[in-house]
Amino acid sequence: ALEPLSVSLAIGVAWALTGYLSHPNFYCSYVECCPSAGYRINATALKAQLDAKLFGQHLAKDVVLKAVMGFSNNPSPKKPLTLSLHGWAGTGKNFLSHILAEHVHPAGLRSKYVHLFLATLHFPHRDLLKLYKEQLQNWIRGNVSACAHSVFIFDEMDKMHPGLIDAIKPFLDYYEEVDKVSYRKAIFIFLSNAGGDLINKAALDFWTSGKRREEIQLKDLEPMLSVGVFNNKNSGLWHSSLIDRNLIDYFVPFLPLEHKHVKMCVRAEMTARGYAVNEKIVQAVADEMTFFPKEQKIYSDKGCKTVQAKLDIHEDF
């Protein structure tokens, strides 16, 4: 027979061990957990990463940092944070959205709480628009129910069928709850090439007038960008109630990248591959990119999108 003291000790150890193993900090170190109610994004770390990895986008960095800081530090936001990122391919829209997602959920796109939608993959058929709307609503409702801090990224908005995105309007509005679910801590990000021409023209006008690109402010671009996207049938937001009801918090312009920014992308890619930065290769890769306008050749027409592929052919160096 066991002594009473031994039994008591065994029960105590078992109780303590059970409590330790079931503690959220221990459990969440092995299994991904949704952030707690008081979770705050580390704005200092986010800024440092954007400064180190996102080139030529002073405006986008400034707007997104302020928006995220204000949203994350607000214990009771009135609506989810909704950002619409616009600009030509290769300017950093995807990159910024991925970095932001990683600062909410460290696993980033691999997180079960981060959801990426591609218009051409998830919503390819126009005749299934009604079904897509129902599926989209159910998907968002179910995932926000599981984690209030869910992140939803909608890529290829310019290829999305008109009217589809309006299905999520109730979730972006100023409601405390919708069907007993609160969406106020979620983040929605739209990525689109629509409006890129307007942004590029504005940037070129600044350059022509002798102004530095760093002088471009949000007020110089956001009004015409929101109107341009609203009236563009190929924007995914054509005549959208999300714009009409002012539910998109910020229209974030991504400026076209100059020659020096392309070089920065090449250096960053070389460093990421573990190479010593070789300025001859940096210059060679940059020289293989194409630039516009045809006469001045100021801006890369593909941003940094093809830098990785261009660098591949120089690996023997």
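Residues numbered from 1 in each chain as written. Predicted model: local features only at pLDDT ≥ 70, side-chain atom pairs only at ≥ 80, totals over all residues. Heavy atoms only, no water.

Concerning the sheet that holds strand β1 (residues 81-86)
Here five strands make up an open sheet; going across it, the order is β2-β3-β4-β1-β5 and the pairing parallel. If you trace the sheet from one side to the other, it starts and ends with β2 (114-118) and β5 (250-253), each paired once. When strand polarity is set aside, the average angle formed by the axes of neighbouring strands in this sheet is 15°. Where helix α5 (residues 93-104) meets the sheet, its contacts fall on β1, β2, β3 (151-155) and β4 (187-192), and the angle it forms with β4 comes to roughly 165°. Contacts from helix α10 (residues 218-230) reach β1 and β5, with the element oriented near 110° to β5. (Pairing = 2+ DSSP bridges. Helix = DSSP H or I, 4+ residues; strand = E, 2+ residues; numbered from the N terminus. Axes fitted to C-alpha atoms, helices over the stretch in contact; angles between N-to-C directions. Contact = heavy atoms within 4.5 Å.)

Some remarks on the state of the cysteines
By the definition in use, this model includes three disulfides. There is a disulfide in this structure between C28 and C33, and the S-S distance comes to 2.0 Å. With the S-S dihedral at roughly -95°, the linkage between C28 and C33 falls on the left-handed side. Judged by relative accessible area, which is 34%, C28 ranks as partly exposed. The class of C33 is partly exposed, set by a relative accessible area of 25%. Two residues share a disulfide in this structure: C265 and C304, whose sulfurs sit 2.0 Å from each other. Between C265 and C304, the disulfide has an S-S torsion of 85° and is therefore right-handed. Separated by 39 residues along the polypeptide, C265 in helix α12 (residues 259-272) and C304 in the loop between β7 (299-300) and α14 (307-312) bring together distant segments of the chain. (Disulfide = S-S within 2.5 Å. Buried < 20%, exposed > 50% of the residue type's maximum accessible area, 1.4 Å probe, protein only.)

Digging into the layout of surface pockets
Estimated volume of the largest pocket: approximately 790 Å³. Contributing to the lining of the largest pocket are 28 residues, with G90, G92, F95, C304 and K305 lying nearest its centre. The set of elements that each furnish at least two residues to the lining of the largest pocket consists of α3 (43-53), α5, β4, α12 and α14. Counting residues per element, the lining of the largest pocket draws most heavily on α12, at five residues. Residues belonging to the lining of the largest pocket are distributed by class as follows: twelve nonpolar, eight polar and eight charged. (1 Å grid on protein atoms, 1.4 Å probe; cavity = no way out; pocket = protein on both sides within 12 Å on 5 of 7 lines; lining within 4 Å. Points joined across faces, edges and corners; volume = space filled by probe spheres on them. Nonpolar A, V, L, I, M, F, W, Y, C, P; charged D, E, K, R; others polar.)

Topic: the UniProt feature "domain: Torsin-1A C-terminal" (unreviewed entry) in the protein
Using the residue numbers shown here, the UniProt feature "domain: Torsin-1A C-terminal" (unreviewed entry) corresponds to residues 257-312. In the segment residues 257-312, helix accounts for 52% and strand for 7%; the C-alpha atoms at its two ends are 21 Å apart. (UniProt positions renumbered as here; feature names shortened; annotations may be inferred.)

Thoughts on the domain arrangement of the protein
According to the domain assignment, the protein consists of domain 1 (43-254) and domain 2 (258-314). Between domain 1 and domain 2, the C-alpha centre-to-centre distance is 27 Å. Across the contact, ten residues belong to domain 1 and 15 residues belong to domain 2. In total, about 1,100 Å² of surface goes out of reach between domain 1 and domain 2, with carbon and sulfur atoms giving 72% of it. Interface area lost by domain 1 to domain 2 is led by F55, W207 and R213, which between them contribute 45%. In this structure, the connection of domain 1 to domain 2 is made through one salt bridge. A salt bridge links R213 to E258, with the nearest nitrogen and oxygen atoms 3.2 Å apart. Here the side of domain 1 that touches domain 2 is built from residues that sort into six nonpolar, three polar and one charged. (Domains from an automatic or database assignment. Buried area = accessible area lost by both parts, 1.4 Å probe. Salt bridge = Lys/Arg side-chain N within 4 Å of Asp/Glu carboxyl O.)

Description of α10
One full turn of an α-helix is made of 3.6 residues, so residues set three or four places apart face in the same direction. Helix length check: α10 (13 residues) gives 18 Å between terminal C-alpha atoms against 18 Å at 1.5 Å per residue, within 8%. Turning to α10, its buried residues are L218, L221, E222, L225, S226 and V229. Taken down its axis, α10 places every buried residue within 125° of arc, on the same side. (Expected span 1.5 Å × (residues − 1). Arc of directions from axis to C-beta.)

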